[in-house]
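Fold and geometry: a report
As a plain string of letters, each chain reads:
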Amino acid sequence: MINGIRDQVVSLACLRHELPPDQGRGADDLPDNVKRVLASTVPRRLVPTELNRSFAAVTRALLIEANRLDAGQATRLELPLEELIRTAGLPADGPPSP
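As the structure is a computational prediction, the values presented were derived from the model and not from experiment.

Looking now at the confidence of the model for the protein chain. The pLDDT averaged across the protein chain works out to 88; a share of 90% of its residues lies at or above 70. Predicted confidence in the protein chain is weakest over helix H4 (residues 71–87), with a mean pLDDT of 91, and strongest over helix H2 (residues 32–39), with 95.

Structure, rendered in structure tokens:
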């Protein structure tokens, strides 16, 4: 699930930067600040706490890209997604910096 969400976030970021979105082809050419956010979404270990951290990071990265694409839709998604993160016992510290 984390990988699937990340794939969508990469595609949205590529579209925003006018790079090829298919299968992450443009990911290497994304700005460094976007790549840092994406790197934070990769789980470092396959343990529950790390997978939860990664899920929270990728969900917040999705909100960043959604906000840039359609701020109104992102606003509608923000509360339910933050609630999902919160109920999973994850920190509600907001999205990573783009």
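The next thing to look at is the pattern of salt bridges. Considering all chains together, one arrives at six salt bridges under this definition. The partner of Arg16 in a salt bridge is Glu65, with the nearest N and O atoms 2.7 Å apart. One end of the pair, Arg16, is in helix H1 (residues 2–16); the other, Glu65, is in helix H3 (residues 48–69), with 49 residues separating them in the sequence. Owing to a relative accessible area of 30%, Arg16 belongs among the partly exposed residues under this scheme. Relative accessible area serves as the criterion here: at 6%, Glu65 is assigned to the buried category. The salt bridge partner of Glu50 is Arg44, with a shortest N-O separation of 3.8 Å. Salt bridges here are not isolated pairs; linked through shared partners, they connect Arg44, Glu50 and Arg53.

Moving on, we come to the nonpolar core. Among the nonpolar cores identified, the biggest contains 18 residues, and Val9, Leu30 and Leu38 are the most heavily contacted of them. At the level of secondary structure, the elements contributing two or more residues to this core comprise H1, H2 and H3. Setting aside anything within four residues of it in sequence, one finds Val9 in contact with Leu38, Val58, Ala61, Leu62 and Glu65.

Topologically, Pro31 is positioned in the loop between H1 and H2. Taking the C-alpha atoms as reference points, Pro31 and Ala13, 18 residues apart in sequence, are found 9.6 Å from one another.

Calculation rules
Residues numbered from 1 in each chain as written. Predicted model: local features only at pLDDT ≥ 70, side-chain atom pairs only at ≥ 80, totals over all residues. Heavy atoms only, no water. pLDDT = per-residue confidence, 0-100. Helix = DSSP H or I, 4+ residues; strand = E, 2+ residues; numbered from the N terminus. Salt bridge = Lys/Arg side-chain N within 4 Å of Asp/Glu carboxyl O. Buried < 20%, exposed > 50% of the residue type's maximum accessible area, 1.4 Å probe, protein only. Core = buried A, V, L, I, M, F, W, Y, C linked by side-chain atoms within 4.5 Å. Contact = heavy atoms within 4.5 Å.

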